[in-house]
Amino acid sequence: MAFDRTRRPRNAVEVAEAAFKAATTKPPEVVVPKSPSLPNAKELVSVRIDRDVLEHFQEEGPGWQDRINEALRKAAGK
């Protein structure tokens, strides 16, 4: 039967080395799988738009955000 010295350090140097290794070893990175997004789901973002452009889309009342989205979709070729 082999004696496993890695389980229990025997002297102060081994104790210090084990503590140093534990404190400086980077834990493995946990990769969380990205959950699938819902089709046509909206995402909240913050965008700075010139006042005159914003007023143009707001002139027709409610739905201005959808109109901006449609203009951006068209500009993106979608």
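Residues numbered from 1 in each chain as written. Predicted model: local features only at pLDDT ≥ 70, side-chain atom pairs only at ≥ 80, totals over all residues. Heavy atoms only, no water.

A. Representation of the pattern of salt bridges. Throughout the structure, instances matching the rule amount to one salt bridge. Among the ionic pairs, Glu70 bridges to Arg73, the shortest N-O distance being 4.0 Å. Note that Glu70 and Arg73 are positioned in helix α3 (residues 64–75) at a spacing of three residues, about one turn of the helix. Classification of Arg73 by relative accessible area gives partly exposed; the value is 39%. (Salt bridge = Lys/Arg side-chain N within 4 Å of Asp/Glu carboxyl O. Helix = DSSP H or I, 4+ residues; strand = E, 2+ residues; numbered from the N terminus. Buried < 20%, exposed > 50% of the residue type's maximum accessible area, 1.4 Å probe, protein only.)

B. Expanded view of a negative patch on the surface. A surface patch of like charges, here negative, comprises Asp50, Asp52, Glu55, Glu59 and Glu60. Structurally, Asp52 is set in helix α2 (residues 51–58). Of the residues examined, Asp52 reaches a relative accessible area of 53% and is grouped as exposed. (Patch = residues over 30% accessible without salt bridge, like charges linked within 9 Å, V, L, I, M, F, W, Y side chains within 5 Å. Areas by Shrake-Rupley, 256 points an atom, 1.4 Å probe, with all protein chains shown as cover. Lys, Arg positive; Asp, Glu negative; His and termini not counted. Charge placed at Lys NZ, Arg CZ, Asp CG, Glu CD.)

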